[in-house]
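The lines below spell out each chain.
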Amino acid sequence: MSEEKRKAVEMLNISKIYPDGVVALRNVSLTVYEGEIHGLLGENGAGKTTLMRILYGEIKPTKGEIRLFGRKVSFHGPWDAIRHGIGMVYQHFTLVPTFTVLENLHLSFTSVGKKISESMIRRNAEKLMKEIGFEVPLDAIVEDLPIGVQQRAEILKILLRKAKILILDEPTSVLTPIETRELFKTLKKLKEKGITIIFITHKLREVKEITDRVTVLRKGRLVGTVETAKVSEIDLARMMVGREVFLKISKKPAKVGRKVLEVVNLWVKDDRGLDAVRGVSLDLYEGEILGIAGVQGNGQKELVEAIAGIRPIIKGRIVVDNVDVTNRSTVERYRLGLAYVPDSRLVGLVFDMSLVENTTLTNLHKVLTRAKRILWDKASEIAVKVVKELDVIAPSLNAPVKYLSGGNQQKVMVGREIVREPKIFIVAEPTHGLDVGATEFIRKTLISLRDKGKAILLVSTDLDEIMQLSDRIAVMYEGKIVAIGKAGEFSIERLGLLMGGVKA
Amino acid sequence: MIEDIISLTSSTLIYMVPLVLAGVGEIITERSGVVNIGLEGIFVLSSFTATIITFATGNPYLGLLSGTIVGLLAGVLHGIVSVYLRGNQIIAGVGFNTLAYGISIMGLVTIWKQHGASPSVSKIPMISLKIREGLTFTISPLSIAAILIAIGAWYWLFKTTSGLKLRACGEDPKSAEAMGVNVFRTRFYATVVGGILTGLGGAYLTVGWIGQFTRHISAGRGFIALANVAFSNWNPLMAIVGGMIFGFFDVLSIYLPIKIQLIYPEVKITTLAYLFKTIPYIGTLAVVSLIIGRARMPRALGKPYIKE
Amino acid sequence: MSLVQFLMKFRERIRARYEEYLVIVIEILASAIIGFSIGALVLYILGFNPARIYFILFSKGLSNPNYLLSKSTPIMLTGLAFAIPMLAGVFNIGGEGQLYIGALTSLVVVTFTHNPALGILAGIVAGAALGTFKAVLKVYRGVNEVIAAIMLNWVTYFLILYLLTEKLYNPQIPHESIPVPEDARLGKIPTPIGDIRLIFFIAVIASLVVYYILYYTNIGYMLRVAGLSPKTAKYAGFNPNLAIIYSMALGGAMAGLGGSLLLIGYVYSIDTTMSTLFGLGFMGIGVALLGRNNPIGIIFSAIFFSMLIIGGEMIELLAGAPPELADALTGVIVIALALPYTYRMLISYMRIRRMMKK
């Protein structure tokens, strides 16, 4: 680190305040040198993505200045940033899913004002792919490609536009460990070519593996910038969270009771008509947490929706507490003691409805008279119970839930099921997008439910969560359960390999 | 028999013009992600304006132009409301239909003191081909123009770069924006173009075909054009076919009663004609119900694009 | 629950939704202002004096309570016909056709049975059937409800036109249909503000019943959830398709009721150009939007629009300006009501400014 490197990116005193009052960033400064891989670390909501979207011209900063290679710039939109050589790969790719890869490349090229024919683009693309050493099928329709390949297409698109600065936002969140390794190889090659890379992540392991320097954000403020080699993962965790992080939750050994859920040879299709769940069988017992690990998109969502009765079954059987519910409706399954907390608050809540109206969603039968009249008094009582049990912070019972924070919304979703006293809890991504406090709370709640004798089916892409909470673990890959056993039988490495489809 | 085929064909080509023009215009608008159900209102307003101008100047071409300009302005209004103000596109369209109807009838009453129809105005002359004695094939020059415009629109949408950009706005505006397309501007212009073509079609109603403005000049044709958009699977070439099919229903509703009257002179046709007038609507509904199943609309259609 | 408790709860509920209500009030005021401004412009262009016209509009519009409330009845019901499906996420602009068919079936039934209650029932059933038909087309054939509604509007229009001129016309007064028998007509009832037609009260009761259904029964709850978030509805075990069908059936029933009340309790016959029925369905859309799709709001909104319509008629008599001004005003108000986001943006903009100053 002795040569005088150019400062590729300087973001000085950036602040961003949103119309509804949320302060996303306060006085954050960032310097990235040319040709380095710079990590941007922080929890969910720390402001990392917001900061980069400002750099990319997508969002206008409320205050602050940006300099590229020493010159001050002001972007009015991504096309400005693109013209200055910045490219960004989001978690949700900016490829038109119904076009082919080539059409997408064509679109991105000519949108920056260059007139190029598709054959020229094809030639340039093939040349570049050979240089870097990866393959992307140019004539395939984007949405038909596996995610890892789509991401490569996205990177190809950016490189073809002669980007000098590449921003990647949590790129590994949708990849298997094998694809992640490929990505890191590619990034190292790009670094050799002098491309500056900013790598947004919340995964400490990745920061240590691939970055030269790392900047840590917490709750919209800058904590510090350090050289990766000089810090440990625990140092980084402390910077990220601001207090000693206890990565282990203490829990008593499981007291397992009778079988309450049985899934037999289940086959389910996804929204596109392809087989998403291919012959899955599993049992769930009282008093245990069964964690289903796997990268997003391997059938977990479809499995869980099928068990809840929201998605139709092609083949197989589902038995709840010795009652065959395969042909029964969702409402009947709920009434037999099944509870489902979906992974998306958009699905589990109606944002424009009040807290009371939302807690009533799965408790409707409790507040209905025989004449089908709703007793809102009773519904309010249920809502009050939820607020008390889960310590929900809300302006009022009648305010629309969209005004609640994400963590509190999650608490409402979980709490409303808890007060129903069901036998089986199916929870998907329960702490996704929540801050550390809320995450801890929800996880402790799940454990106490399990201690009370409930059966919990946990679906999560967060391996730490799976390992912390589960008594037994199952791994899903491409619609099948590739391994199932006691939690002690799985190490993080073994889980990673199984999730990537490797027999381990 | 031959006379029937000739006259049915030429009538279909005359009747289909507004459906094709507005259909193609709306395809362009919807391919960019905006839905404009105010086509009916544009028809009414542009046909009315064309009638006034032609009445005042005696020149139907000026009338045609003025109607087209009205369509442009309507497109601008809908574009601003839908794209820049992020309004609800369906409600805005419904409101515009009511507004256009109100303004036109207000004008009709004020200017000509009539409640049903305006006086006749000069029309754009038809083109006639003499096939043999007593048999001519008559269409409007706009019939040809409509087909050419549809073909041109198809080529532009699918074979050019700017067409690709426009389609991206309708499929995935976030990605389009990220790739540097100005989604707002593109959608706005697409809406304006749609308005222009629909205005042309509306002006044609009075100044190229019927020859006067009536209270029910459009009678739901704007909505049949919308059905044509879906029927054509958002492809301008298919909109020609759809326009001919729906136009043919319209032709039938006029021809069948006349034919039946000729064959059975004792039947009272004037009232029975009302029943025949339902043919275009039943036909459209049948087509929409039975045939359009597999249609694939632009993914982002109708959703206002909201940046942060 | 005592009155005091009820009021306190009400106040708390309002305070909780304070911001929502503020936005709603601004929306209503802004759209009305925009509507009248543009109307004034159009009047001026056409050579009239906007001030004089608006004066006639408002003063004459409100002068006769019976006329005002009677005219508000059909559009109150077509307003419900649009609002109920809207709450379930469906655009029902078929109020026209549903009203026509309600009026027609009422006429036929009442002519044979001389029983107004049966006539009203027939109208409700006919309207509900038409609404259900469109819902079925949407659910099972994916037919866009806007297109289906307009097509069926025109089909019913011409069908009824045929029946009126061919079979159901009054031999003594050929441009009218056969009249409703004298003993089946609904009349007025005395009130402190004069004799008011019974149909107005029936309509208000219908609105209150709808309000009850929407906010106090499981069907209404299911409809609203499905309308706000179909995915959540499925999660909760509700069938979004049923929401579509129920809401269209109920909405159609309301429009049908509007048609039959109009016939049996007001005009007593349909003229053969159907001019008394035409346009009421579309006006209902404006009524519903201004009333924010809330049945109570719709009652007042209907009275407001009724004032516009009556004012429009008076304008024609007194100033020679065309009554379709009411349509033009309605149209602009509806367009203005399509802009919810704009007002929200305005409010948040004002809030940032306040925050930045801190």
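Since we're looking at a predicted model, the values are computed, not measured.

A.B. asks: Looking at this model, I keep getting lost on the overall build of chain A. Mind explaining?
C.D. replies: In terms of regular secondary structure, chain A is built from 17 helices and 20 strands. For chain A, the C-alpha radius of gyration of 25 Å lies close to 23 Å, the compact-globule estimate for 504 residues. In terms of principal-axis extent, the alpha carbons of chain A reach across some 75 × 45 × 45 Å. Counting over 504 residues, chain A shows a buried share of 45%.

A.B. asks: Teacher, can you tell me more about the interface of chain A and chain C here?
C.D. replies: How large an interface is tends to be reported as the accessible area lost when its parts come together. Taken together, the contacts link 28 residues of chain A with 23 residues of chain C. Of all the secondary-structure elements, those providing two or more residues to the side of chain A that touches chain C are helix H10 (330–335) and helix H11 (345–348) of chain A. The residue makeup of the side of chain A that touches chain C, split by class, is 17 nonpolar, seven polar and four charged.

A.B. asks: Sorry, what's going on with the domain arrangement of chain A here?
C.D. replies: According to the domain assignment, chain A contains domain 1 (7–241), domain 2 (249–337 + 424–504) and domain 3 (344–421). For domain 1 of chain A versus domain 2 of chain A, the separation of C-alpha centres amounts to 33 Å.

A.B. asks: Could you clarify how one ought to interpret the sheet that holds strand S3 (residues 37–41) of chain A in this entry?
C.D. replies: Sheets are built from strands that pair by backbone hydrogen bonding, the pairs being arranged parallel or antiparallel. Residues and elements named next belong to chain A. Spatially, the six strands line up as an open sheet ordered S6-S7-S8-S3-S9-S10, and their pairing is mixed. Each of the sheet's edge strands pairs with one partner strand only, and the pair in question is strand S6 (86–89) and strand S10 (221–227). Pairwise comparison of adjacent strand axes, ignoring direction, gives a mean angle of 15 degrees for this sheet. Strand direction decides the pairing type here: S6 and strand S7 (residues 165–169), joined by four bridges, are parallel. Its bridge partner being in S7, methionine 88 is matched across the sheet by isoleucine 167. Docked against the sheet, helix H5 (residues 147–160) engages S6 and S7, running at close to 170 degrees with respect to S6. Along the sheet, helix H6 (residues 177–192) makes contact with S3, S7 and strand S8 (196–201), crossing S8 at roughly 150 degrees.

A.B. asks: Before we go on, may I ask you to explain the environment of tyrosine 155 of chain B in this structure?
C.D. replies: Residues and elements named next belong to chain B. Within the element layout of this structure, tyrosine 155 appears in helix H6 (residues 141–159). Note on tyrosine 155: 13 C-beta atoms within 10 Å, which makes it partly exposed. Put simply, tyrosine 155 and alanine 225 are 70 residues apart on the chain and 21 Å apart in space, counted from C-alpha to C-alpha.

A.B. asks: Whenever I open this one, the pairing of strand S19 (residues 472–477) of chain A confuses me. Can you help?
C.D. replies: Looking down a regular strand, the side chains alternate between one sheet face and the other. All names here are of chain A. Extensive coverage of S19 is indicated by the burial of five of its six residues. As paired strands, strand S13 (residues 289–293) and S19 are joined by four bridges and run parallel to one another. Across the sheet, residue glycine 291 finds its bridge partner in S19, namely isoleucine 473. With six bridges joining them, S19 and strand S20 (residues 480–486) adopt antiparallel strand pairing. In the sheet register, arginine 472 faces S20, and the bridge partner there is lysine 486.

A.B. asks: What is the right way to look at the interface of chain C and chain B in this model?
C.D. replies: With 40 residues of chain C in contact, the opposing surface of chain B contributes 39 residues. Only helix H6 (116–141), helix H7 (145–166), helix H12 (280–290), helix H14 (325–336) and helix H15 (340–357) of chain C provide two or more residues apiece to the side of chain C that touches chain B. Here the side of chain C that touches chain B gets 13 residues from one element, more than from any other, and that element is H7 of chain C.

A.B. asks: What's the story with the packing of helix H5 (residues 95–113) of chain C against H6 of chain C in this structure? I'm lost.
C.D. replies: Helix packing for two helices is described by the angle between their axes and how far apart those axes are. Residue and element names in this part refer to chain C. Running from N to C, H5 and H6 cross one another at 145 degrees; their axes reach a closest spacing of 7 Å. When you trace H5 past H6, the crossing you get is right-handed. Listed contacts from H6 to Gly97, Gln98, Ile101, Gly102, Ala103, Thr105, Ser106, Val109, Val110 and Thr113 of H5 are Pro116, Leu118, Gly119, Ile120, Ala122, Gly123, Ala126, Gly127, Leu130 and Gly131. Partitioned by chemical class, the residues of the contact of H5 with H6 number ten nonpolar, ten polar and no charged.

A.B. asks: How should helix H11 (residues 240–267) of chain C be read in this particular structure?
C.D. replies: Quick reminder: α-helices carry 3.6 residues per turn. Residues three or four places apart thus point the same way. The end-to-end C-alpha separation of H11 of chain C is 39 Å, in line with the 40 Å expected for 28 residues at 1.5 Å each. Just past H11 of chain C, the residue tyrosine 268 of chain C takes up positive phi, approximately 65 degrees.

A.B. asks: Help me understand the packing of helix H4 (residues 118–132) of chain A against H5 of chain A in this model?
C.D. replies: All names here are of chain A. In the contact formed by H4 and H5, the axes pass within 10 Å of each other and the chain directions differ by 110 degrees. With respect to their mutual orientation, H4 and H5 come out roughly perpendicular. Contacts between H4 and H5 pair Asn124, Ala125, Leu128 and Met129 from the former with Leu156, Leu159 and Leu160 from the latter. Partitioning the contact of H4 with H5 into residue classes produces six nonpolar, one polar and no charged.

Calculation criteria
The residue count restarts for each chain, going from 1 along the sequence in the order it is written. Each chain takes a letter, starting from A, and each ligand takes a number, starting from 1, following the order in which they are written. Note on the predicted model: pLDDT of at least 70 is required for a residue's local features to be given, and 80 or more for side-chain atom pairs to be given and counted; whole-chain, interface and lining totals, by contrast, use all residues. Numbering of helices and strands runs from the N terminus; a helix is a DSSP stretch of H or I covering at least four residues, while a strand is a stretch of E covering at least two. Put simply, the radius of gyration uses C-alpha atoms, and a globule should come to 2.2 Å times the residue count raised to 0.38. Three exposure classes are used, based on other C-beta atoms lying within 10 Å of a residue's own C-beta, which is placed from the backbone: buried for 20 or more, exposed for 12 or fewer, and partly exposed in between. C-beta atoms are first placed from the backbone for all residues, and any pair lying within 7 Å is then listed as a contact. Each residue is assigned to one of three groups, with Ala, Val, Leu, Ile, Met, Phe, Trp, Tyr, Cys and Pro labelled nonpolar, Asp, Glu, Lys and Arg labelled charged, and all others, Gly among them, labelled polar. Bear in mind that the domain bounds are from an automatic or database domain assignment. Here, strands pair whenever DSSP counts at least two bridges between them. To define axes, lines are fitted to C-alpha atoms, for helices over the stretch in contact only, and angles between the resulting N-to-C directions are given on a 0 to 180 degree scale. Left-handed describes a crossing whose near helix is turned anticlockwise from the far helix through less than a right angle; right-handed describes the clockwise counterpart. By this rule, a helix spans an expected 1.5 Å times one less than how many residues it contains. Roughly parallel means an angle under 35 degrees; roughly antiparallel means over 145; roughly perpendicular covers 65 to 115; every other angle is labelled oblique.

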